[in-house]
Amino acid sequence: MRLAHTTVLLCAWVSLQAFEIVEKENIFQRTPCPAFLMFDNAAYLADMSFELPCHCKPEDVSTVVWYYQKHLGSNHTVVLTDFDGRLLTEAAHVRAGSSMLVRFSIRMFSLLVFRAQSEDSGLYFCGTRKGDYFYAYDVDIQSHEGMVATFQDKGQEPLPDEYYGSLHVFTTFWEWTPCDRCGVHGEQWRLGLCYLQNPGLSPRYLKTLPDVVSCGSRAVPRKLRVKTRYHTPELLIKSCLVSCEKRTQVQKGMLTIYNYVSKLGSRPWLPQVPIQFHQQRLGHGLIISCPGARPEHAVAWDKDHQPLYRTQYLKGVNSSMRVFIDHGNHLHIRFTQLSDRGIYYCWRQGLRIAGFRLGVTSRGRYPASLSDPETRTAVELTLVAYLLITAVFVTIHICRCCCYSFRHCPNFSTHTLLQL
């Protein structure tokens with residue numbers, strides 16, 4: 001009798017599992033596609049990565065292809081597909097400035113774009129290889145050039161709203177990030193992007209609030225978009241202090257061996273986080289990235305035991321800064337000096353995760369490479385100087401040719417003109 005009950009329960013459990021699987025497969029059947037294609041507005045900051053889900057598709061479609069257009073109805077359409085043997089792109093392998101064709105991936109019908117740039121703004125369509133569209137997005141990637149930083153601890157206020165008749169331009173802020181350090185004074189920030197409200201926007205673009213879209217949306221007419229170009233993204237920063245979570249550390253591996261060998265109490269120094277060593281030549285620039293960090297993360301930097309707060313080291317705070325943190329959370333050191341030696345610690349989401357030991361040397365050969373900003377600058381200055389010298393040389397010879405030609409022309413004196 002018990003065997004029969006067990007069999008019935010197993011059959012019921014299998015039926016429930018099958019029902020659950022069918023429900024997951026028919027998720028697109030419960031979300032019908034709109035009869036008229038609409039555009040869902042989304043705004044991000046440059047260098048961020050974002051995901052565009054394909055919220056609806058016909059039931060008989062098993063694979064999707066994404067399309068990109070700069071403007072609606074444009075003759076130039078970029079096809080984004082991972083088919084035909086294309087490998088999936090990983091965020092860690094993406095470099096800034098790369099083409100969008102090597103910065104995207106399609107996973108479970110969703111489009112992932114890594115390290116988006118302002119040039120990636122436009123319309124994204126989810127469809128088939130035949131060109132049938134199911135869902136569409138109006139994506140606005142706002143540049144961080146000219147971004148305004150507001151420090152609340154100094155009593156500063158965000159940018160005021162702007163009004164141009166029926167046009168209302170304002171900033172929409174994201175949630176506060178967690179404190180970027182624990183156990184010591186840290187900072188937290190929130191990002192603000194440019195939005196506007198106007199009753200004359202195209203009804204084809206979906207809006208979270210009535211008549212409200214991001215400033216770079218394709219729903220905004222060109223004459224209105226010109227009025228919003230001075231309303232840049234904002235960054236609100238304030239100080240914070242949180243305690244660190246207590247974690248039980250289990251000594252094993254190399255740490256156990258060190259403790260066993262160092263019986264006299266002179267234990268070797270062990271770093272609390274992984275540390276990478278780098279030798280930099282004196283006078284050259286360096287950019288340090290925090291492992292696994294994205295622009296929307298709360299990232300902090302310390303040099304040895306000295307915190308590098310954004311209040312003093314954020315890009316744009318001082319025009320003559322040699323060491324600064326950009327809006328993508330990278331630490332920049334321009335014209336490396338001997339005093340820059342030390343260990344630079346990286347905090348991510350309130351936890352210290354890595355260290356970067358920097359050594360500075362004035363000797364050794366430094367191979368030139370076009371990937372080096374100093375090398376590119378030197379090449380650009382050389383080319384500009386060469387072009388200027390060439391222009392001056394050509395101008396001088398043209399002037400000499402003109403003077404030589406004018407000497408052989410008839411001499412029209414005043415007396416000749418009077419006779420005529």
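Basis of the calculations
Residue indices begin from 1 for each chain and proceed along its sequence in written order. Local features in a predicted model are, by the rule used here, given only for residues with pLDDT of at least 70; side-chain atom pairs are given and counted only at 80 or more, and totals for whole chains, interfaces and linings are based on all residues. Working from all heavy atoms in the structure, the side-chain values ignore hydrogens and water. Strands here are runs of E lasting at least two residues and helices are runs of H or I lasting at least four, both read from the DSSP assignment and numbered beginning at the N terminus. Contacts are assigned to residue pairs with any non-hydrogen atoms lying within 4.5 Å of each other. Polar contacts, as counted here, are pairs of nitrogen or oxygen atoms within 3.5 Å of one another; within protein the pair requires one atom able to donate a hydrogen and one able to accept it, and residues that are adjacent in sequence qualify only if both atoms are side-chain atoms. Note on pairing: two strands pair once DSSP finds at least 2 bridges between them. Angles run from 0 to 180 degrees between N-to-C directions of axes, and those axes are lines fitted to C-alpha atoms, restricted for helices to the stretch in contact. Three labels apply to residues, based on accessible area from a 1.4 Å probe with only protein chains included: buried if under 20% of the type maximum, exposed if over 50%, partly exposed otherwise in between. By definition, pLDDT measures how confident the predictor is in each residue, and it falls between 0 and 100. The nonpolar core is taken to be a set of buried Ala, Val, Leu, Ile, Met, Phe, Trp, Tyr and Cys residues, with the residues joined through side-chain atoms within 4.5 Å.

A. Quick peek at the environment of Gln69. Here Gln69 is to be found in strand S3 (residues 65-69). Residues Gln69 and Asp138, spaced 69 residues apart in sequence, show a C-alpha to C-alpha distance of 9.9 Å. Once you skip the residues sitting within four places of it in the chain, Gln69 turns out to touch Ser74, His76, Thr77, Gly122, Leu123, Phe125 and Tyr133. Side-chain polar atoms of Gln69 contact the side chain of Thr77, separated by 3.0 Å.

B. Structural view of the sheet that holds strand S2 (residues 50-52). Strand order in the open sheet made by the 3 strands is S2-S6-S5, with antiparallel pairing throughout. In the strand order of this sheet, the two ends are held by S2 and strand S5 (104-107), each with one partner. When the angles between neighbouring strand axes are averaged without regard to direction, this sheet yields 25°. Relative to strand S6 (residues 110-113), S2 runs antiparallel, the two sharing 3 bridges. Across the sheet, Glu51 pairs through a bridge with Leu112, a residue of S6.

C. Examining the environment of Ala136 more closely. With respect to the helices, strands and loops of the structure, Ala136 is situated in strand S8 (residues 133-142). In this structure Ala136 comes out as buried when scored by relative accessible area, which is 1%. Along the sequence, Ala136 and Leu52 sit 84 residues apart, while their C-alpha atoms lie 9.1 Å from each other. Sequence-distant contacts of Ala136, defined by excluding residues within four places in its chain, comprise Leu37, Met38, Phe39, Asp40, Tyr124 and Phe125.

D. Region of interest: the confidence of the model for the protein chain. Overall, the prediction assigns the protein chain a mean pLDDT of 78, with 75% of residues at 70 or greater. Taken element by element, the protein chain is modelled with least confidence in helix H1 (residues 2-25), mean pLDDT 44, and with most confidence in strand S18 (residues 299-303), mean pLDDT 94. Predicted confidence for residues 12-29 stays below pLDDT 50, and this span has 8 contacts to residues more than four positions away or in other chains. Throughout residues 412-418 the model reports pLDDT below 50, and contacts reaching past four residues in sequence, or to other chains, amount to 0 contacts.

E. Structural view of the side chain of His327. Mapped onto the secondary structure, His327 falls in the loop between strand S20 (323-325) and strand S21 (331-333). What His327 contacts, discounting residues up to four positions off in sequence, is His144, Met147, Leu235, Pro295, Leu314 and Lys315.

F. Molecular detail of the nonpolar core. Phe50, Leu52, Trp66, Leu80, Leu111, Tyr124 and Val139 are the most contacted members of the largest nonpolar core, which totals 25 residues. Of all the elements, S8 adds the most residues to this core, at 5 residues. Counting 18 residues, the second-largest nonpolar core is a separate cluster that includes Val299, Phe324, Tyr344 and Phe356.

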